[in-house]
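Below, each chain spelled out in residue letters.
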Amino acid sequence: MADQRIVYTEEVVGAGHPTKTDTLNRLALVEHNNDGTHKTRSFSVHKNGINQTAITNATWIKITWSAEEWDTNSNFASDRFTPTVAGKYALKAQVQWVGPGGAAAICTISIYKNGTPHRIATSLDNNLVINPSTDISCDVDANGTTDYFEVYVYHNFGSDRTITGPATDTFFQGHKAD
């Protein structure tokens, strides 16, 4: 378990607090690693070079993640990020589609929160781009107990599509922002 220290400075407590209770109510708890640095919560996952096939037309499909690049607080498992510390988190995801699809099509990515779309980003593949990418970035609020986040995709190419597997092309990342 990380070393936890109470930080007491005039900037944190404020000047002119005459009682001990008043002062203690304004102390900030800062979690540290054993070397004294502030603990950072972040993760990065990718598909480890494995394409995800059978992305069904006109259907929201969950993206699976076969490799963790890092997961500093062990909060990523079973294709979802479940933060155990409440607060704001910055999330980013990108997928690359095998294409072109043969006709103009909508390529959509969503960060789901607790099983429902939280943020959605859409791009148009106009059949001129080989392997178009769709990405999304957003800040989310997590309660630190039950909230979880996943990545889903949707398209209307007309037939099943494939998401490419290289770590540079398809990934999901996040870090605590506050």
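About the thresholds
- Residues numbered from 1 in each chain as written.
- Predicted model: local features only at pLDDT ≥ 70, side-chain atom pairs only at ≥ 80, totals over all residues.
- Heavy atoms only, no water.
- Buried < 20%, exposed > 50% of the residue type's maximum accessible area, 1.4 Å probe, protein only.
- Helix = DSSP H or I, 4+ residues; strand = E, 2+ residues; numbered from the N terminus.
- Pairing = 2+ DSSP bridges.
- Contact = heavy atoms within 4.5 Å.
- Phe/Tyr/Trp six-rings, centres within 6.5 Å; stacked < 30°, edge-to-face > 60°.
- Lys NZ or Arg CZ within 6 Å of the ring centre and 35° of its normal.

1. Here we look at the pairing of strand β3 (residues 42-46)
The element β3 is extensively covered by neighbouring structure, given that 5 of its 5 residues are classed as buried. Side chains S42, S44 and H46 of β3 all project onto a buried face; the interleaved residues F43 and V45 project onto the opposite face, where all are buried too. Here 5 bridges tie β3 to strand β15 (residues 171-176), and the two strands are oriented antiparallel to one another. Bridging from a neighbouring strand, V45 pairs with F172 of β15.

2. Quick notes on the side chain of H46
Within the element layout of this structure, H46 appears in strand β3. We classify H46 as buried; its relative accessible area is 10%. When neighbours within four sequence positions are excluded, H46 is seen to be in contact with W65, S66, A67, E69, A167, T170 and F171.

3. Some words on the packing of aromatic side chains
The full count for this structure, using the stated rule, is 11 aromatic pairs. With centroids separated by 3.9 Å and ring planes inclined at 20°, the aromatic side chains of Y112 and Y152 adopt a geometry described as stacked. Remark: Y152 occurs in strand β13 (residues 149-155) and Y112 occurs in strand β10 (residues 105-113); sequence separation between them is 40 residues. Feature note: the residues F43, W65, F76, F81, Y89, F149 and F172 constitute an aromatic cluster, connected by ring pairs. Geometry around F157 places R161 over its ring, the cationic atom sitting 4.6 Å from the centre. Seen from the ring of Y89, K176 lies directly overhead, with NZ or CZ sitting 5.8 Å from the centre.

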